[in-house]
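The lines below spell out each chain.
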Amino acid sequence: MGNLTATRPLQPWTAPTASDPVAATLRLPGSKSLTARALVLGALASGPSTLLGALRARDTELMAGALRAMGAHMSIADDDRWLVRPHRLVGPAHVDVGLAGTVMRFVPPVAGLTDGRVTFDGDPAARTRPLGPLVGALRSLGVRIDAVGPGSLPLTVLGTGRVTGGEVVIDASASSQLVSGLLLAAARFDRGVVVRHVGPPVPSAPHLRMTVQMLRAAGAAVDDGTPDVWTVEPGPLSGRVWEIEPDLSGAVPFFAAALVTGGEVTLRGWPRSSAQPVERLRALLHEMGGEVTLSTAGLTVRGTGAVHGITADLSDVSELTPVLTALAMLADSPSVFTGVEHIRGHETDRIAALAREFAGLGADVTESPDGLEIRPRPLRGGTFRTYHDHRMAHAAAVTGLAVPGVELDDVSCTSKTMPEFPALWSRMVTGGN
C-alpha cells in the first residue's frame, strides 16, 4: 500500500463558485466506517476476507497499517479490492493513529490479543481526543496498558495473546466508537464481553447498529436487545466478502451542492438496504428544501431553489453538522442544531471552529454547549481555516458555491477520507464531470 500517512504541506484552495445549477452523477469511494470495521473483522477472522469497494484514504490506510504491524497480511488487488488474511498477532509493533478515531479506538482491543507490546501515538491533536473510557474498560477486562495520562495518547498495550473479557461498564457519551472498539474484538476474548453504558446518551447510534450488523454477518452472536447493553459471545469470526457501500458522509457536501444551486446530484451504486443512516439524511435534506429519491440510477438529491432553516437534534448524525451548518448559513430562515457536544472532541472542537470561521465570513452565529444557532445574513469571502479537519473543508466548499472568494487554508486534509475531493468538487461545479 502506498504511504498516505506522511505530513503534508498546507494546500490553500479557493472554493469554486457555482454560476449555474450543478448537474452531476458521481461514484464516490466506499464508506470509511464500513471499511474500518471490515478490516478489523478480517484481521480477527478464521479465514481470508475480501473487501470490494473499500475506501483508500489516510484513515483506512492507517487502519490497514496498524493491523499489518501486528501480523495480519493485507494486499490490494486494485484500488478498491483489498485482501485480508488473518495471522497470529504478535509484537512489538507501533501504531500511528494519525487523527483517526477508528484507529485509536478499534485497535487497542485488538492489541490486547497480540503477544507483545504495541505502542500507540498519532498527530498532535490526537492526544486530546477522548480515549480514557476505553483504556479503563480494557484494564477492567484484563488488558495491561501503560499510559502517560489518565487515558490518552501516547500509550502502550502489553498484550499477552489473550483477553479474559467479561462485563464492563463504560461512559461512551463522548463517542460510540468507544463501544464499537470493544465489540469488534470481543468474540476473540475468552469470555466475550458484556458492555453496559452508563451516562448521557451514546451519540451516533447508527454507527453502533452498523457494528452489530457487521459482527453478525461475520458469525458473531450479538445481543443488543436491552438499551445501552451489548453482549458478544466468544467464538470464531468467519472470513467473507464485504461489499462496501459508498460513503454517505462523504456524499453529503455533494448533495448539499444540489440544494445550494438548485441543481441535481446522483450518487451511483447506492444499495436498496443500507447500513448507514440514509433515512435520517433524507429527512434532514427534505426539511431543508431538497427532494431525495432512490432508484436504479442511485441516490438522487434535487434542489428546489430554496434552502430552509431547521431546528434539529443531530446527535445520531453528528458527522453531518459542518455541512448542515454551511447550508444553514445560506438558508432563508434561522436554524438551531443541538445534541452534538461530543464533536468538540473530534479532529478539532468542531462547534467552536465552525462558529469562529463562519463569524470570520460575516455570519451571525452563536455557539451553545451542544450546538449552534444560525441567523442567516449575507456572507463575504475570506480565509476559512480547516484545522486539519476534512469536515471543516467540506463546509467551506459548500459555502463557496454561493460566496465568492472563500479560501481554505488547507484542502489536503480531505485526504483523510477522500483524496480526490478537490478534483471531484471542481469538476462538479464547472460541469467537467
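Being a predicted model, the structure only gives us computed values, none of them experimental.

Participant: Residue-level account of empty space enclosed by the protein, with values.
Facilitator: Here the idea is plain: a probe the size of a water molecule rolls over the atoms and shows the empty space left. Per the stated rule, a full pass over the model turns up one cavity of 30 Å³ or more. Each pocket or cavity is described by its volume, and for the largest cavity that value is around 370 Å³. What lines the largest cavity is a set of 30 residues, among which Ser33, Gln177, Ser204, His207 and Glu319 lie closest to the centre. Elements represented by at least two residues in the lining of the largest cavity include exactly helix H1 (32-44), helix H3 (101-112), helix H6 (205-217) and helix H7 (248-261). Looking at the lining of the largest cavity residue by residue, the classes come out as seven nonpolar, 14 polar and nine charged.

Participant: So what's going on with the pattern of salt bridges? Which residues, and what values?
Facilitator: Tallied over the entire structure, the rule returns 22 salt bridges. Of the charged contacts, one joins Arg280 and Asp316 as a salt bridge, the two residues approaching to 3.3 Å between their closest N and O atoms. Here Arg280 is found in helix H8 (residues 278-287), whereas its partner Asp316 is found in the loop between strand E18 (311-313) and helix H9 (321-329), with 36 residues between them in sequence. Residue class for Arg280 comes out partly exposed when judged on its relative accessible area of 26%. Look at Asp316 and you get partly exposed, because its relative accessible area is 24%. Note that Glu319 is salt-bridged to Arg391, the shortest N-O span being 2.8 Å. With Glu319 in the loop between E18 and H9 and Arg391 in helix H11 (residues 390-400), this pair connects stretches of sequence that are 72 residues apart. Like Glu319, the residue Arg391 is buried in the burial classification. When salt bridges that share partners are traced, they join Lys32, Asp59, Glu319, Glu347, Arg350, Asp389, Arg391 and Lys416 into one network.

Participant: Which residues make up the environment of Ser412, and what values go with them?
Facilitator: Within the secondary structure layout, Ser412 lies in the loop between strand E23 (406-408) and helix H12 (421-430). For Ser412, a relative accessible area of 9% corresponds to the buried category. Put simply, Ser412 and Ala393 are 19 residues apart on the chain and 9.0 Å apart in space, counted from C-alpha to C-alpha.

Participant: Lay out the sheet that holds strand E10 (residues 166-170) in plain terms, naming residues and giving numbers.
Facilitator: In space, the four strands of this open sheet follow the order E10-E11-E13-E12, with mixed pairing throughout. Strands with a single pairing partner mark the edges of an open sheet, and in this sheet they are E10 and strand E12 (222-223). Two elements, strand E11 (residues 193-197) and strand E13 (residues 229-232), share four bridges in a ladder whose sense is antiparallel. By the bridge assignment for E13, Val195 is matched with Trp230. The strands touched by helix H5 (residues 177-186) are E10, E11 and E13; relative to E11, the strand with the most contacts, the crossing angle is about 170 degrees.

About the criteria used
Residues numbered from 1 in each chain as written. Predicted model: local features only at pLDDT ≥ 70, side-chain atom pairs only at ≥ 80, totals over all residues. Heavy atoms only, no water. 1 Å grid on protein atoms, 1.4 Å probe; cavity = no way out; pocket = protein on both sides within 12 Å on 5 of 7 lines; lining within 4 Å. Points joined across faces, edges and corners; volume = space filled by probe spheres on them. Helix = DSSP H or I, 4+ residues; strand = E, 2+ residues; numbered from the N terminus. Nonpolar A, V, L, I, M, F, W, Y, C, P; charged D, E, K, R; others polar. Salt bridge = Lys/Arg side-chain N within 4 Å of Asp/Glu carboxyl O. Buried < 20%, exposed > 50% of the residue type's maximum accessible area, 1.4 Å probe, protein only. Pairing = 2+ DSSP bridges. Contact = heavy atoms within 4.5 Å. Axes fitted to C-alpha atoms, helices over the stretch in contact; angles between N-to-C directions.

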